[in-house]
Amino acid sequence: MNIWTAAFTLLLLAQATSSAAAQDSVVPLPGAGDTVRTGYRSPWLLSYFPYVGGGAGGGPVAIGRVRYFQPAPWQNRVTYRADLAGEVGIGLHGSHLARVSASAPLLAPGWRATADLHAIRNTRANFYGLGNETERSDARLDADEFAYQTHHTSYAGGAEVSRQLHGPLWIAAGGGISHDRFYALSPGSEFATAFGDRATDTDVHGKLELVLDTRDNEWDPLRGIVAEAGIQQGSGGEGYTRLFGTARGYYALSDGTVLAARVAASDIHGTPPLSALLMLPMWESPVKVYGGSHTNRGLDGGRFTGTGVLMGSAEVRQYVTTIKNAVTIGVVGFVDAGRVFQGERLRLTTDDLSVSGGGGLVLMLLRGNTAVFNVAQGPDGVEVSASGGWAF
């Protein structure tokens, strides 16, 4: 674990603790509040705190965050009715970010919505090339520290609205616009080889998907599935169409043991911009692909990039102890496998998969404040990662 990873993991705990303390001051105990007092809703609260994140500038990012939110009833499957959050951050090498987001999982009976607006300048974004055959060479890194990095500036905004059709079945529609600029940091980098000195594009995109969600709750599911299938249309590049689908399942083997699994696939037709290859548009929470703490924990973030993605994960979550009904400590063991496709159509295959395995420490404060610290063995060696929330 390097110094940046250590700092990131420690500050994640500080973030979770601050958020938990803010919620603890108002969330009613089980059996109280909204479920007893007819028509009563918890008051809106303001929380603000600094923390350290990662993902920009090749190191830590000092972030200040302000959140205005209304807690949900304790027994609800979500932890808050609605929130509005803003944050600004400064990282190394001139990296910075600004973001405003809003979400309302209990917008109205049968409705929920999310929205996001951000400006991010990442002066050390990972880029290892296109396709599933890319390699990571220590000798090349010794000769050129920017061999697998590029400068990426992104301005983007989007929104999504979901409507309950019947029971656990939902339909979701969303869209947005993004403007992305990539610059080569060295003439011999993988980015320069693939795109030259720079690549700039504006992408207006929209999506439509069906979602089946039977989870008992959304912050720490013990049983149920969430499956989704959709189509996305974008104007970036020369235009593209993406077909995608994911399925996640959870099953409690005992009071303290949960088995979780996920499979996902995405295939882009047409000529997409590079920015469209970096994210998988899942329901309300896009996922960066492929590699990192939310896809393959044995790979560096963004290790593989392509027009198609096929991935799967399985893990066993074991809760070890709970302290005063506030802090839960657990462990997780996992296996991640997947690959990308470039210059060929997506297909079901076990060929050339990147397989990783490992374990992690889980710290959960109250509801929905979860930090996971992972160590995994993957194709490029040992990777250490930390994330806020479960991998899936």
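Each chain has its residues counted from 1, following the order in which its sequence is written. The model is predicted, so local features are restricted to residues of pLDDT at least 70 and side-chain atom pairs to those at 80 or more, both for listing and for counting; the totals for chains, interfaces and linings are taken over all residues. Water and hydrogen atoms play no part in the side-chain values, which are based on all heavy atoms of the structure.

Caption draft 1: Focus on the overall build of the protein chain. Across its full length, the protein chain holds four helices and 18 strands. Note on contacts: a residue pair is in contact if any heavy atoms of the two residues lie within 4.5 Å. In the protein chain, once contacts between residues fewer than 6 apart in sequence are set aside, the share between residues at least 24 apart is 59%. For helices the rule is a DSSP run of H or I covering at least 4 residues; for strands it is a run of E covering at least 2, with both sets numbered from the N terminus onward.

Caption draft 2: Structural view of the layout of surface pockets. The computed volume of the second largest pocket comes to approximately 370 Å³. Lining residues are defined by having an atom within 4 Å of a point belonging to a cavity or pocket. Those points lie on a 1 Å grid over the protein atoms alone, cavities being sets where a 1.4 Å probe fits but cannot get out and pockets being open sets with protein on both sides within 12 Å along at least five of seven lines. In terms of lining, the second largest pocket is formed by 15 residues, of which the most central are Trp-219, Asn-325, Thr-328, Met-364 and Leu-366. The residue classification treats Ala, Val, Leu, Ile, Met, Phe, Trp, Tyr, Cys and Pro as nonpolar and Asp, Glu, Lys and Arg as charged. All others, Gly included, are polar. Within the lining of the second largest pocket, the residues separate by chemical class into eight nonpolar, four polar and three charged. Grid points are joined across faces, edges and corners, and a volume is the space filled by probe spheres set on the points.

Caption draft 3: A look at the confidence of the model for the protein chain. On a scale of 0 to 100, pLDDT captures the predictor's confidence in every residue. In this model, the protein chain carries a mean pLDDT of 90, and residues with pLDDT of at least 70 account for 90%. With pLDDT under 50 throughout, residues 1–38 is counted as low confidence; its partners more than four residues away or in other chains account for 66 contacts.

Caption draft 4: Geometry of the packing of aromatic side chains. For Phe, Tyr and Trp, rings pair up if their centres lie within 6.5 Å, where Trp contributes its six-membered ring, and each pair is then called stacked (planes under 30 degrees apart), edge-to-face (over 60) or tilted (otherwise). Per the stated rule, a full pass over the model turns up eight aromatic pairs. Through a chain of ring-to-ring contacts, three or more aromatic side chains come together here, namely Phe-127, Phe-182, Phe-191 and Phe-195. Charge-over-ring placement is defined geometrically: NZ (Lys) or CZ (Arg) within 6 Å of the ring centre, and within 35 degrees of the ring normal. In this structure, Arg-317 is placed above the aromatic ring of Phe-392, and the distance from its NZ or CZ to the ring centre is 5.6 Å. Positioned above the aromatic ring of Trp-74, the side-chain terminus of Arg-367 is 4.8 Å from the ring centre.

Caption draft 5: Layout of the side chain of Asn-132. Assignment of secondary structure puts Asn-132 in the loop between β5 (111–126) and α2 (138–143). Polar contact is the term for a pair of N or O atoms within 3.5 Å; when the atoms are in protein, one must be able to donate a hydrogen and the other to accept it, and sequence-neighboring residues count only if both atoms are side-chain atoms. A distance of 3.1 Å separates the side chain of Asn-132 from the backbone nitrogen of Val-340, its partner in a polar contact. Within the local environment of Asn-132, its side chain forms a polar contact with the backbone oxygen of Asp-352, the two atoms lying 2.9 Å apart. Setting aside residues no more than four positions away along its own chain, Asn-132 makes contact with Phe-304, Arg-339, Val-340 and Asp-352.

Caption draft 6: Main features of unusual backbone geometry. Cis rather than trans, the peptide bond between Val-289 and Tyr-290 has omega equal to -10°. Structurally, the position occupied by Tyr-290 is in the loop between β13 (287–288) and β14 (308–323). The backbone phi angle of Lys-324 is positive, close to 55°, even though this residue is not glycine. As for its position among the elements, Lys-324 is in the loop between β14 and β15 (327–341).

Caption draft 7: Structural view of the environment of Ala-102. Along the chain, Ala-102 turns up in strand β4 (residues 96–108). Here the alpha-carbon distance between Ala-102 and Arg-67, two residues 35 residues apart in the chain, equals 9.5 Å. Every residue in contact with Ala-102, bar those within four places of it in the chain, is listed here: Asp-83, Leu-84, Ala-113, Thr-114 and Ala-115.

Caption draft 8: Structural context of empty space enclosed by the protein. Tallying each qualifying case throughout the model produces one cavity of 30 Å³ or more. There is about 50 Å³ of room inside the largest cavity. In this structure, the largest cavity is lined by Arg-242, Ser-266, Ile-268, Ala-276, Leu-277, Met-279, Leu-280, Val-289, Gly-306, Thr-307, Gly-308 and Val-309. Elements supplying a minimum of two residues to the lining of the largest cavity: β11 (257–271), α4 (274–277), β12 (279–280) and β14.

Caption draft 9: Region of interest: the pattern of salt bridges. What makes a salt bridge here is a side-chain nitrogen of Lys or Arg within 4 Å of a carboxyl oxygen of Asp or Glu, nothing more. Enumeration according to the criterion identifies 24 salt bridges in this entry. One salt bridge connects Glu-87 with Arg-99, and the closest N-O pair in it is separated by 2.5 Å. In this pair, Glu-87 is assigned in strand β3 (residues 80–91) and Arg-99 in strand β4, connecting sequence segments 12 residues apart. On the basis of relative accessibility, which here comes to 11%, the residue Glu-87 falls in the buried class. Residue Arg-99 is classed as partly exposed on the basis of its relative accessible area, which comes to 25%. Between Asp-352 and Arg-339 there is a salt bridge, and its shortest N-O distance comes to 4.0 Å. Taken together, the residues Asp-352 in the loop between β15 and β16 (354–365) and Arg-339 in strand β15 connect sequence positions 13 residues apart. Three labels apply to residues, based on accessible area from a 1.4 Å probe with only protein chains included: buried if under 20% of the type maximum, exposed if over 50%, partly exposed otherwise in between.

Caption draft 10: Highlighting the side chain of His-118. As for its placement among the helices and strands, His-118 is situated in strand β5. By relative accessible area, His-118 is classed as buried at 18%. At 3.2 Å, the side chain of His-118 forms a polar contact with the side chain of Asp-116. Each residue touching His-118, except ones within four places of it in the same chain, is listed here: Ala-98, Arg-99, Ser-154, Tyr-155 and Ala-156.

Caption draft 11: Representation of a nonpolar patch on the surface within the structure. Excluding any residue in a salt bridge, patches collect residues exceeding 30% relative accessible area, merging like charges within 9 Å and nonpolar Val, Leu, Ile, Met, Phe, Trp and Tyr side chains within 5 Å. All accessible areas in this document rest on Shrake-Rupley with a 1.4 Å probe, and a residue is counted as covered only by the protein chains that are shown. There is a patch of nonpolar side chains on the surface, built from Trp-44, Leu-46, Tyr-48, Val-66, Tyr-68, Leu-84, Val-100 and Leu-117 and spanning about 830 Å² of accessible area. Looking at the element boundaries, Tyr-68 is found in strand β2 (residues 59–71).

Caption draft 12: Fine view of the environment of Pro-187. Structurally, the position occupied by Pro-187 is in the loop between β7 (169–184) and α3 (190–195). Accessibility expressed as a relative area gives 79% for Pro-187, which makes it exposed. Considering only alpha carbons, one finds Pro-187 and Phe-146, 41 residues apart in sequence, at a separation of 9.3 Å.

Caption draft 13: Highlighting the environment of Phe-341. Position of Phe-341 among the secondary structure elements: in strand β15. Accessibility expressed as a relative area gives 0% for Phe-341, which makes it buried. Along the primary structure Phe-341 and Gly-306 are separated by 35 residues, whereas in three dimensions their C-alpha atoms are 5.2 Å apart. Excluding residues within four positions of it along the chain, Phe-341 makes contact with Gly-306, Thr-307, Gly-308, Val-309, Leu-310, Leu-346, Arg-347 and Thr-349.

Caption draft 14: Local environment of the nonpolar core. Residues enter a nonpolar core if they are buried and are Ala, Val, Leu, Ile, Met, Phe, Trp, Tyr or Cys, with the set joined through side-chain atoms within 4.5 Å. Of all hydrophobic cores here, the largest spans 12 residues; its members are Phe-244, Ala-264, Leu-280, Met-282, Val-287, Val-289, Tyr-290, Leu-299, Phe-304, Val-309, Met-311 and Val-340. Contacts of Met-311, omitting those with residues within four sequence positions, involve Arg-262, Val-263, Ala-264, Leu-280, Tyr-290, Thr-295, Ala-337 and Gly-338. Judged by nonpolar contacts, the second largest core, of nine residues, contains Phe-191, Tyr-240, Leu-274 and Ala-276.

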